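Okay, here's what each chain looks like letter by letter:
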Amino acid sequence: MSFALRSIFSQKKALIGFIIVAALCLMAIFAPIIAPGEPGARVGRSHQAPSVEHVFGTTKMGRDVYRQFVWGARSSLSVGFATGIAITVIGTAIGLIAGYAGGRTDAVLDLATNAVLVIPNMPLLILLASFAGTVGPMTIMTIIALTSWPWGARMTRSQTMALRNRDFVTAAKMIGEPAWRIIFVEILPNLTPLIGINLVGSIIYAIVAQTTLEYLGFGDPLKVTWGTMLYNAQNASAIMVGAWWDIAVPAAGIALTGLGLALINFTFDEIANPQLRSGSALTRWFRLTRARNRMMRSGQ
């Protein structure tokens, strides 16, 4: 495991991505320390430009943009990560069950997956949010999680179907191993790179989807998030009056988060597709791990 971690952090892209995401997460965790005070409090004049007193300027209501940015990261990142994990868990579970069981179970789950997959995701999110009215982060997280799992389920199902007929799975069935052990011990470890890609991609999508819904006015305006910051800035005509910082700051937070996660995602993609960088240390570690697992299974 320590070699695996060293191999991951030896990749410059992954290291930069982890640093960016970790810095944003630490900022959100320690928000009460680095940005003390109420983010909704009026602290200055309307649309003050960035200065020593207000590093990122103020909003139309005289609120400190820096304080809102730091506190808004808490909600945006927590919803993004929690929703991404939920999407990945749902998609992986459905894909594993469908791919391994086959037959009628696979047909039913595949039909349900295709039914959700063919519906345009963002219009569906907007429709559900409009029926729900003004919704908080938890409701947005639930809506996104329940409508965004099919892509990961399709990938997991396809890879599981390819693995269930491999020699080591057949050998496990012949010696009488239960289905749950075959799924979790024999098949699931081989899906780790794919699950990593799905997880990181889902987190990025969740953050963008949450921001989009809140920017369109479906979020709770009393909750400080990067999405509600953009919504309030748009309503205040920040660009037209020259208060570019009101929009640039939350947009930069979203962009930095997406950049960091994309760099991490590229590393997982290298693991899943060794052709991208066949000489990398991380790919070599993955190949050695698979070879060691095959040797251990053949020796049992």
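Note that this is a predicted model, so its numbers are computed, not measured.

### Thoughts on the nonpolar core
The tendency in soluble globular proteins is for nonpolar side chains to be buried as a group. Met 27, Phe 69, Val 70, Ala 73, Leu 77 and Trp 226 are the most contacted members of the largest nonpolar core, which has 26 residues in total. Look past the residues within four positions of Met 27 in its chain and what remains in contact with it is Ile 34, Phe 69, Val 70, Ala 73 and Trp 226. Counting 15 residues, the second-largest nonpolar core is a separate cluster that includes Val 135, Ile 144, Trp 149 and Phe 218.

### What to know about helix H4 (residues 65-101)
Two residues of an α-helix separated by three or four positions point the same way, owing to the 3.6 residues in each turn. For H4, with 37 residues, the first-to-last C-alpha span of 52 Å sits near the 54 Å given by 1.5 Å per residue. Where H4 bends most, at Gly 72, the angle is about 30°. Residue Asp 64 occupies the N-cap position of H4, its side-chain oxygen lying 3.3 Å from the main-chain nitrogen of Tyr 66. Just downstream of H4 lies Gly 102, where phi reads positive at about 65°.

### Here's the deal with the environment of Thr 160
For Thr 160, the location among the structural elements is in helix H8 (residues 150-163). You can call Thr 160 buried: its relative accessible area is 0%. It is 5.1 Å that separates the C-alpha atoms of Thr 160 and Gly 99, two residues lying 61 residues apart in sequence. Not counting the four nearest positions on each side in its chain, Thr 160 is found in contact with Gly 95, Leu 96, Gly 99, Tyr 100, Ile 187 and Leu 191.

### Brief notes about the pattern of salt bridges
Scanning the model with the defined rule gives 5 salt bridges in all. Salt-bridge contacts for Asp 110 lead to Arg 154; the nearest nitrogen and oxygen are separated by 2.7 Å. A residue pair is termed long-range when its members are at least 10 positions apart, and Asp 110 in helix H5 (residues 103-117) and Arg 154 in helix H8 qualify at 44 residues. Judged by relative accessible area, Arg 154 falls into the partly exposed class, the value being 33%. Two residues, Arg 181 and Glu 186, come together in a salt bridge whose shortest N-O distance is 3.9 Å.

### Some points on the packing of helix H2 (residues 12-29) against H4
Running from N to C, H2 and H4 cross one another at 115°; their axes reach a closest spacing of 8 Å. The element H2 and its partner H4 pack so that their crossing is left-handed. In this structure, H2 contributes Val 21, Leu 24, Cys 25, Met 27, Ala 28 and Ile 29 to the contact, and H4 contributes Phe 69, Val 70, Ala 73, Arg 74, Leu 77 and Phe 81. Considered class by class, the residues forming the contact of H2 with H4 number 11 nonpolar, no polar and 1 charged.

Rules used in this analysis
Residues numbered from 1 in each chain as written. Predicted model: local features only at pLDDT ≥ 70, side-chain atom pairs only at ≥ 80, totals over all residues. Heavy atoms only, no water. Core = buried A, V, L, I, M, F, W, Y, C linked by side-chain atoms within 4.5 Å. Buried < 20%, exposed > 50% of the residue type's maximum accessible area, 1.4 Å probe, protein only. Contact = heavy atoms within 4.5 Å. Helix = DSSP H or I, 4+ residues; strand = E, 2+ residues; numbered from the N terminus. Expected span 1.5 Å × (residues − 1). Bend = angle between axes of the 7 residues up to and from the residue. Polar contact = N/O pair within 3.5 Å; in protein donor to acceptor, adjacent residues only side chain to side chain. Salt bridge = Lys/Arg side-chain N within 4 Å of Asp/Glu carboxyl O. Axes fitted to C-alpha atoms, helices over the stretch in contact; angles between N-to-C directions. Left-handed = near helix turned anticlockwise from the far one by under 90°. Nonpolar A, V, L, I, M, F, W, Y, C, P; charged D, E, K, R; others polar.

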